[in-house]
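Chain by chain, the residues run as shown.
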Amino acid sequence: MHANAIEIRNLHKSFGNHHVLKGLDLDVPAGSIFALLGPNGAGKTTLIHILATLVIPDQGTARVAGADTVRQKNDVKRAISLTGQFAAVDDALTGEENLIMIGRLSGLSSAEAKTRAAELSVQFELNGASRKRVKTYSGGMRRRLDLAVSLISPRPILFLDEPTTGLDTSSRRALWDIILRLAKQGITVFLTTQYLEEADQLADRVAVLSDGRIIAAGSPAELKTRVGGEVIELVNANDEVVHVVSTSGRIADVQRQLAEFLPSLPPETRVRLRTPSMDDVFVALTAMPKEAVSV
Ligand SMILES: Nc1ncnc2c1ncn2[C@@H]1O[C@H](COP(=O)(O)OP(=O)(O)OP(=O)(O)O)[C@@H](O)[C@H]1O
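Described in the following lines is the structure provided in the data block. (Residues numbered from 1 in each chain as written. Predicted model: local features only at pLDDT ≥ 70, side-chain atom pairs only at ≥ 80, totals over all residues. Heavy atoms only, no water.)

Examining the nonpolar core
For the record, the criterion: Within this scheme, the nonpolar core is defined by two criteria: the residues are buried Ala, Val, Leu, Ile, Met, Phe, Trp, Tyr or Cys, and they are joined through side-chain atoms within 4.5 Å. Classification of residues uses two cut-offs on accessible area relative to the type maximum, computed with a 1.4 Å probe and protein chains only: under 20% is buried, over 50% is exposed, and between them is partly exposed. Contacts are assigned to residue pairs with any non-hydrogen atoms lying within 4.5 Å of each other.
Core analysis: the largest hydrophobic core is formed by 46 residues, its most contacted members being Leu37, Leu99, Phe124, Leu145 and Leu147. Leu99 has contacts with Ala117, Leu120, Ser121, Leu145, Ala148, Val149 and Ile152, leaving out every residue within four places of it along the chain. Of all hydrophobic cores here, the second largest spans 31 residues; its members include Ile8, Ala62, Ile157 and Leu209.

Printed below as a string of structure tokens:
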């Protein structure tokens, strides 16, 4: 296995006049969980589609498991599993039937497909539901089945496009546990997300995509450090946060920044200090002028 599961150099993609990816450079170490974070329309799905050989870039290169996504498509396809935003399973079949059907389509014998379907039903906590039709499944169960289907034949690199969008908190956490287990087995996970918490909880490294460019990359802790030392929260008598102020933590900065608010605040207002969250990081990074941010 290559040291980097994914290597992206100067990648550009336009749809008509719309320049969606504007020169991306990115490395994803093998065996890590990597989160690409960005708002709606930032180009996350476009990038996943390029990496999965479904879309051809206009300029630049992307290598997945050492193979070029344009010139060595079949090598790339053999190394990856892809799970999209919307479950691609057949509603009219049961979970087990879906798993067996995809297993047969990917070349397993009938007996092998049945064994693999049973293993995956246990691994993805579908055992109780696997004999029920998919149309009766909750959103979380469908998403788990979709993931199970994409892992019928195990591959070293897994792409997950917004795996938990639309799920409630407990289904999201259940899916996070599964993703963490897959990474422990040595699978490289490349996921896109709009949820900062998801990137923070799961990823070894995060890149922030905004307006077609990577505006920051690093571990969640590095990104938080880059944005600043401390966040001051001003809290009212009902324990509601009324102002959030990012500060270096130095007394001169704190004094200057608080001076702006103090005259207008009631005397019972309290001050709280905390380290920046990924939300603060995202707001700060997307507000900075592009040239001020080093990747
Ligand atoms: N095949 C296409 N033809 C034309 N425009 C496209 C095509 N695919 C994507 N786009 C446009 O490219 C931009 C980026 O889309 P993309 O789906 O990659 O963003 P995203 O970050 O994944 O957002 P979302 O979270 O909404 O899926 C959008 O403005 C989208 O409309």
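A look at the site of the ligand
Our working rule: If even one non-hydrogen atom of a residue comes within 4 Å of a molecule or strand, that residue is called near it. Between N or O atoms, a polar contact is any pair within 3.5 Å; within protein, one atom must be a potential hydrogen donor and the other a potential acceptor, and residues adjacent in sequence are included only when both atoms are from side chains. The Shrake-Rupley method, run with a 1.4 Å probe, gives the accessible areas here. Residue values count only the displayed protein chains as cover. Labels follow the DSSP assignment, with helices taken as runs of H or I lasting at least four residues and strands as runs of E lasting at least two, numbered in each case from the N terminus. Any residue that is not Ala, Val, Leu, Ile, Met, Phe, Trp, Tyr, Cys, Pro, Asp, Glu, Lys or Arg is counted as polar, Gly included; the first ten are nonpolar and the last four charged.
Around the ligand lies a shell of 14 residues, among which Gly41, Lys44, Thr45, Thr46 and Glu162 are the nearest. One of the side-chain N or O atoms of Thr45 is found 2.6 Å from an oxygen atom in the ligand. The contact in question runs from an oxygen atom of the ligand to an N or O atom on the side chain of Glu162, over 2.6 Å. Protein chains shield 60% of the accessible area of the ligand, which is 630 Å² for the free molecule. Every element with two or more residues in the shell around the ligand is listed here: β2 (18-29) and α1 (44-51). Ranked by residues supplied to the shell around the ligand, first place goes to α1 with three residues. Across the shell around the ligand, the residue classes break down as four nonpolar, eight polar and two charged.

Considerations on the sheet that holds strand β4 (residues 59-64)
To keep things clear, this is the line we draw: At least two bridges found by DSSP between two strands are what make those strands a pair. Working convention: axes come from line fits to C-alpha atoms, limited for helices to the stretch in contact. Angles between N-to-C directions cover 0 to 180 degrees.
Overall, antiparallel pairing links the four strands, which are arranged β2-β1-β4-β5 in an open sheet. Two strands lie at the open edges of the sheet, namely β2 and β5 (67-68), each paired on one side alone. Bridging between strand β1 (residues 4-15) and β4 involves five bridges; their strand directions are antiparallel. Bridging from a neighbouring strand, Ile8 pairs with Ala62 of β4. The strands touched by α1 are β1, β2 and β4; relative to β1, the strand with the most contacts, the crossing angle is about 120°.

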